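Survey of secondary and tertiary structure
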Amino acid sequence: MKIPTLKIKIFKFKKRTLLRAFLIAALAGLAIGLGGFVGSYFAIKDDLPPVGDMDTFRPKLITTLYAADGQPIKEFAEERRVEIPFAQIPKVLVDAIVATEDPNFFRHRGVDIRGVLRAVKADLFKILSGRRPEGGSTITQQLARSLFLHREVSLRRKLKEAFLSIQIEKQYSKQDILTLYCNHFYLGHGVYGVESSSRLFFGKSVGELSLEEAALIAGIFRGPSLYSPYTNPKGTLGRRNHVLNRMVEAGYIGKAAGETAKARPMEVLPLRRASSEFGAYFFEEVRKYIEKNYGSDALYGSGLKVYTTLDPTLQKYAEGATRKGLRDTENRKNGWRADKRNLVAEGVASLDGPWLETWENQSVEAGEAYDAIVLSVSPTEATVRVKNVLGTMTNKNIGWTKARFLDALVKRGDVIQVTVNAVDASGKEARVSLDQKPLRNGGFVAIDPQTGQVKALVGGYSFRDSQFNRAVQAPRQTGSAIKPFLYTAALEHGFTPASLIADEPVTFVDPWDGEPWSPKNYDRKYKGAVTVRIGLEESRNVVTAKLLDFISPQVGVEYCRRFGITSPLYPYLSLSLGTFEVTLLEMVSAFSTFPNKGVRLRPYFITRIEDKDGNVLEETRVESNEVVSPQTAYMMTHLMRGVMEQGTGAAASVLGWPLAGKTGTTDKYTDAWFIGFSPTLCAGVWVGHDKQVPLGERQTGAVAALPIWQDFFSRVIDDVRKKAASAGVVDFQPADFEVPPNLVFVEIDRKTGLLATPICRYPFREVFFPGTEPTRFCTLADHLRILDYYSSEKASEDR
């Protein structure tokens, strides 16, 4: 009976020993685990940034340029991002993001344990199948990872992510977290945040999104490189519909609403729809100013709001007129050039696929010129592709090429330029005509004379081809365009519009070096005694040289300076022929003095600059200078109206509008100018080559530059007339140049400058300072002398 008792005691002893050993081991393991956890906790904690850094987090924001009408027109950014507050994020988008990315967002405190377990279960299958696991990160965890951590897949990173998320939830509200989440993340194609994404895809603010549009944006958060309506439309549509399903499951929308939204097509705007050519030279001037005065970081990342003077409508007219005018004058003068690129020769197998780099968007508009790919050609017809539009071109209107048939000019695969004449209703076919990119170049500037604001600026045919701004950076000889400033000086030094000057051969001796100088008229003819008015209207070089000689070249330079010309000028008589180089912007600004009653306002491009919060950093102060009296300014305007009515600018008289201006042509036809104005707008054109080579024989300002100016103003005038008609105005008459007081109008004979009589054939209502008007009447002898002179001139021309 003793042996069994002994066995029981031994058994109980072993059991207590094993239990004790197990407890000791468990306690040791727990201590080691807790120690490791605590050590890891403090190691991770000490290695993490404070979540309070979110308060100072400043993402790079878009600098937005606004047009004169207050509409956004251009952006500068390394990251295209527009921050918006939570109040501007629509509920439908919040619901879509939460339903898809974090259904328990409003219930957890940074980490969703059930979501983690669910993700672990799902990821096991992915690991077994060789796919990368995604994890179960909440919205807060995604934000913490993006702001503070690297994207490596590791347990250590997940622990850091969880710790940061819990801390973020302690310090920030759910609204704060969602606001930063919606503004911070990259959503593809260079845009960050839901507002920029909405503008890119749909061309509207995020507050205007429909259900299916909100679902599309919400779906892209998972992977912008994978889900893009441009590069993966099928996959993105599927992702959008997945988001809608999740919204139904979460109870945010009903099943019927979800099915209706899923049935709608995925419609987004074209990716490249805004031409980088539009306003490019203007915007570059603004960009350089901001970078110089505020720095590159501010320009590309601080969300500046820059309000500019640009008028988008005038800019469009200026660009269209400049490009068309350059093409037309070049083609008429020089014909077709066989210098076209050929895709077939470059090894391109199919001509249906290539997308030319100049095709920046998918739109094709009538009246515009585009690069095109020749698909087929016969003697009388060719088929071309302009973006996604098929164009048909015939051999009509190709006389400028000096060829009769199209196949003598182009071949399959050629990249040519065409002008679109009409686009059919479907937008898939068009009628086009052959055109050609010019070798010559040009510039255009339009200024509001009452404010000094630059309303339009074109610095060349194509900003893509050349960023050199010919309107601002290219000083060129002005030719006769300089003459109005010298005539102004003459009027204020005793001359009147009726003063007679002998237009005859003359030689001046340079007082500095003793060299003779003999100016010649453009037509190499001389008209005897002519009035100051005729001297300006017909741009008689000898008359201007004599006027400058009388008032002195130094006075001429001083007047040019008063008009705002800052380029180097010297007191030589050759100033009368515009031999010194001046920029187009300087010239247009100087001319703007005349319609503004003798006051010149310094031209400017920016009205004010604000920071991202709307605080004004800079506001332009208009600088004005009284150059001449209102009376002198009007008298010169009256003289230059004659240039437009019967002088070198008479081609523009068909516009039927109060206009004044002056042509300019330099020696050997290297530069062609026209600068003119209405009572409310002043604009100028320069045409030439970057290298100072001739434009061609007879390529004067009236031939090469005036048509561009006239095209621009004809569109401006048409808009004014249409506006008046829409307002119900009958017999609309445009506002004329305002006549200041202390001037007298007298009817004179415009040929002799004497008071008009019934026998005068050239009566004209001229303006004078009081007391300077002529007192002698034109007699029969004066009249016959004029008739004899012109009869002999005509006979000479006939001979």
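So, a few notes on the structure that sits alongside this text. Computed from a predicted structure; not experimentally measured. (Residues numbered from 1 in each chain as written. Predicted model: local features only at pLDDT ≥ 70, side-chain atom pairs only at ≥ 80, totals over all residues. Heavy atoms only, no water.)

1. A word on helix 16 (residues 541-551)
This is how it is decided: Accessibility here uses a 1.4 Å probe with only protein chains present; expressed as a share of the type maximum, an area under 20% marks a residue as buried, one over 50% as exposed, and anything in between as partly exposed. Secondary structure is summarised from DSSP: a helix means a run of H or I of at least four residues, a strand means a run of E of at least two, and numbering begins at the N terminus for each.
Across the 11 residues that make up helix 16, a large majority, nine, are buried. Of the positions making up helix 16, those classed as buried are N541, V542, V543, T544, A545, K546, L547, L548 and I551. The positive-phi residue at the C-terminal boundary of helix 16 is S552, with phi of around 90°.

2. Observations concerning the sheet that holds strand 21 (residues 616-619)
How we decide: At least two DSSP bridges between two strands are needed for those strands to be called paired. For helices, the axis comes from a line fit to the C-alpha atoms of the stretch in contact; other axes are also lines fit to C-alpha atoms, and the angle between any two N-to-C directions lies between 0 and 180 degrees.
The mixed open sheet is built from five strands, whose spatial order is 2-1-5-20-21. The strands lining the two open edges of the sheet, one partner per strand, are strand 2 (72-76) and strand 21. Here the strands of the sheet are splayed against their neighbours by 20° on average, with no regard to which way each runs. Taken together, the three bridges between strand 20 (residues 606-610) and strand 21 define a ladder with antiparallel strand orientation. Its bridge partner lying in strand 21, R608 is registered against E619.

3. Focus on the sheet that holds strand 10 (residues 429-435)
One closed barrel holds the five strands; their spatial order is 6-7-8-10-9, and the pairing between them is mixed. The mean angle between the axes of side-by-side strands here comes to 50°, regardless of whether they run parallel or antiparallel. Relative to strand 10, strand 8 (residues 389-394) runs parallel, the two being bridged by three bridges. Along strand 10, the bridge assignment pairs T392 with R431.

4. A few points about helix 17 (residues 553-562)
Burial in helix 17 covers these residues: P553, V555, G556, V557, Y559 and C560. G564 sits one or two residues past helix 17 and shows a positive phi near 100°.

5. Regarding the pattern of salt bridges
Under the convention used in this document: Only one rule defines a salt bridge in this text: a Lys or Arg side-chain nitrogen within 4 Å of an Asp or Glu carboxyl oxygen.
If you walk through the whole model with that rule in mind, you get 42 salt bridges. Note that R470 and D690 form a salt bridge whose closest N and O atoms lie 2.7 Å from each other. With R470 in the loop between strand 12 (454-458) and strand 13 (476-477) and D690 in the loop between strand 25 (682-688) and helix 20 (701-726), this residue pair connects regions lying 220 residues apart in the sequence. The salt bridge partner of D736 is R641, with a shortest N-O separation of 2.7 Å. With D736 in the loop between helix 20 and strand 26 (744-749) and R641 in helix 19 (residues 630-646), this residue pair connects regions lying 95 residues apart in the sequence. Given the relative accessible area of 17%, R641 is considered buried. Here the salt bridges do not stand alone but share partners, grouping E330, R337, D339, K340 and R440 into one network.

6. Some remarks on unusual backbone geometry
Here K387, not a glycine, exhibits a phi torsion of approximately 60°, which is positive. Its location among the elements puts K387 in the loop between strand 7 (381-386) and strand 8. One non-glycine residue, N742, lies in positive phi territory at about 65°. Here N742 shows up in the loop between helix 20 and strand 26. Of the residues examined, N742 reaches a relative accessible area of 57% and is grouped as exposed.

Keep in mind that these numbers describe shape and distance, not what the molecule does.
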